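Residues per chain, in single letters:
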Amino acid sequence: MRKIGLIGGMSWYSTRTYYEHINRLVQARVGQGSSASMVIESLDFAELSRLSSDAEWTRAAKTLAAAAKRLEKAGATAILIGANSMHKVYDQVAKAVDVPIIHIAECVAERMAGGRVKKAALLGTRNVMLESFYRQKLIARDIELLPPEMPFVETLDRVIYDELLKGKVSRQAERELKTIITNLEQDGAQAIVLGCTELEMVVDVDANVLPIFDCTRIHAEAAVDWMLADA
């Protein structure tokens, strides 16, 4: 089994989810006595939350690049960045190491293309929904994305930062996400992309009005595919 590296701590709740998904998948494919060959570099999210200026993002890129180098030195043969928003600095981090970094949006785009999804809505933090670094990976696979509606952006950003990243799951947040998804279906979305690793805390991935592409699960599955490629 190849060893996988995870840059986590952004938030630690999503790191826990990655760890669980990856280990359950390894058990399912290899056997109940198996667990993942894995090394985790957990960062302090307080230093990486709500970044806005170019200087802050430059600092974040250096922090993640240093983490990737430590994972490579520890024997990781490929690396995951356990946060959608941090893929804004993917290119800088990828240049810092010689092992591949598995891009979360590329994994999602490949899965959606395989499912012949042509029109979808992307949900996530403000920078994931509004900036191009994530959206362009989906658009490159001929997936049309609904334009972000600012009321939805504001609601999602608040729910993610004020609740989910603190481990809180409120009934109000669940209702708000259901309303958003219902409205997006009415606007023509064929599927929903959960472009935030914590959103599965408030969205029922397996029982919804639309197909849900959960980035964390898909990213974890790509990691296990890599880990077991030579097995």
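The structure under discussion appears in the preceding block.
Described below are features of the structure shown in this document.

Each value, and the rule that gives it
- Residues numbered from 1 in each chain as written.
- Predicted model: local features only at pLDDT ≥ 70, side-chain atom pairs only at ≥ 80, totals over all residues.
- Heavy atoms only, no water.
- Axes fitted to C-alpha atoms, helices over the stretch in contact; angles between N-to-C directions.
- Helix = DSSP H or I, 4+ residues; strand = E, 2+ residues; numbered from the N terminus.
- Parallel < 35°, antiparallel > 145°, perpendicular 65-115°, else oblique.
- Contact = heavy atoms within 4.5 Å.
- Nonpolar A, V, L, I, M, F, W, Y, C, P; charged D, E, K, R; others polar.
- Buried < 20%, exposed > 50% of the residue type's maximum accessible area, 1.4 Å probe, protein only.
- Lys, Arg positive; Asp, Glu negative; His and termini not counted.
- Salt bridge = Lys/Arg side-chain N within 4 Å of Asp/Glu carboxyl O.
- 1 Å grid on protein atoms, 1.4 Å probe; cavity = no way out; pocket = protein on both sides within 12 Å on 5 of 7 lines; lining within 4 Å.
- Points joined across faces, edges and corners; volume = space filled by probe spheres on them.
- Domains from an automatic or database assignment.
- Pairing = 2+ DSSP bridges.
- Core = buried A, V, L, I, M, F, W, Y, C linked by side-chain atoms within 4.5 Å.
- Polar contact = N/O pair within 3.5 Å; in protein donor to acceptor, adjacent residues only side chain to side chain.

**A word on the packing of helix H4 (residues 104–114) against helix H9 (residues 215–227)**
Part 1: Relative orientation of the contacting elements H4 and H9 amounts to 95°, with a least axis distance of 9 Å. Regarding the angle of H4 to H9, the classification is roughly perpendicular. Taking contact as the criterion, the partners of Ile104, Cys107, Val108 and Arg111 in H4 are, on H9, Cys215, Ile218, His219, Glu221 and Ala222.
Part 2: In terms of residue class, the contact of H4 with H9 is made up of six nonpolar, one polar and two charged.

**Notes on the environment of Glu200**
Part 1: Of note, Glu200 is situated in the loop between strand S7 (191–194) and strand S8 (212–214).
Part 2: For the pair Glu200 and Ile160, spaced 40 residues apart in sequence, the C-alpha to C-alpha distance is 11 Å.
Part 3: Excluding residues that lie within four positions of it along the chain, Glu200 makes contacts with Thr17, His21, Leu194, Val205, Asp214 and Arg217.

**Quick word on the side chain of Arg135**
Part 1: If you trace the backbone, Arg135 turns up in helix H6 (residues 132–139).
Part 2: Here Arg135 occupies a buried position and makes no salt bridge, while the nearest side chain of opposite charge, Glu144, is found at 9.0 Å.
Part 3: Among residues more than four places away in sequence, those in contact with Arg135 are Leu122, Val128, Met129, Leu145, Leu146, Pro147 and Pro148.

**Focus: the layout of surface pockets**
Part 1: The computed volume of the largest pocket comes to approximately 310 Å³.
Part 2: Looking at the largest pocket, it is lined by 25 residues, and the ones nearest its centre are Arg50, Ser85, Thr125, Asn127 and Tyr161.
Part 3: Tallied by class, the residues present in the lining of the largest pocket amount to 12 nonpolar, eight polar and five charged.
Part 4: Domain assignment of the residues forming the lining of the largest pocket places at least three in each of domain 1 (4–103 + 218–228) and domain 2 (105–215).
Part 5: If you go around the second largest pocket, the residues you meet are Glu174, Leu177, Lys178, Ile181, Thr182, Val202, Val203, Asp204, Ala207, Asn208 and Val209.
Part 6: Considering only residue class, the lining of the second largest pocket consists of six nonpolar, two polar and three charged.

**Here's the deal with the sheet that holds S7**
Part 1: Spatially, S6-S5-S7-S8 is the arrangement adopted by the four strands of the open sheet, whose pairing is parallel. Strands at the two margins of the open sheet, each flanked by one partner only, are strand S6 (144–145) and S8.
Part 2: Pairing between strand S5 (residues 119–123) and S7: four bridges, direction parallel. Each bridged residue has a counterpart across the sheet, and for Ala120 the counterpart in S7 is Ala191.

**Brief notes about the nonpolar core**
Nonpolar side chains in soluble globular proteins tend to be buried together.
Part 1: Counting residues in hydrophobic clusters, the biggest one holds 51 residues, and the most contacted among them are Ile7, Met10, Leu64, Leu123 and Leu199.
Part 2: Broken down by secondary-structure element, the contributors of at least two residues to this core are helix H2 (54–73), strand S3 (78–81), helix H3 (90–95), S5, helix H7 (150–162), helix H8 (171–186) and S7.
Part 3: Broken down by element, the residue count for this core peaks at seven residues, all from H2.
Part 4: Here this core spans two domains, since at least three of its residues come from each of domain 1 (4–103 + 218–228) and domain 2 (105–215).
Part 5: Apart from residues no more than four positions distant in its own chain, Leu123 is found in contact with Met129, Leu156, Leu177, Ile180, Ile181, Leu184, Ile192, Val193, Leu194, Gly195, Cys196 and Leu199.

**Here's the deal with the sheet that holds S3**
Part 1: With respect to topology, four strands assemble into an open sheet ordered S2-S1-S3-S4, the strand pairing being parallel. The open sheet terminates on both sides in strands that have one partner only, identified here as strand S2 (38–42) and strand S4 (101–102).
Part 2: As defined by bridge partners, S3 adjoins S4 across two bridges and the pair is classed as parallel. Each bridged residue has a counterpart across the sheet, and for Leu80 the counterpart in S4 is Ile102.
Part 3: Where H2 meets the sheet, its contacts fall on strand S1 (4–8), S2 and S3, and the angle it forms with S1 comes to roughly 155°.

**A few points about the side chain of Thr197**
Part 1: Tracing the backbone through its elements, the reader meets Thr197 in the loop between S7 and S8.
Part 2: Residue classification places Thr197 among the buried positions, given a relative accessible area of 3%.
Part 3: Within the structure, Thr197 has its side chain in polar contact with the side chain of Glu198 (distance 3.3 Å).
Part 4: Apart from residues lying up to four places away in sequence, Thr197 is in contact with Met10, Ser14, Tyr18, Gly82, Ala83, Asn84, Cys215 and Thr216.

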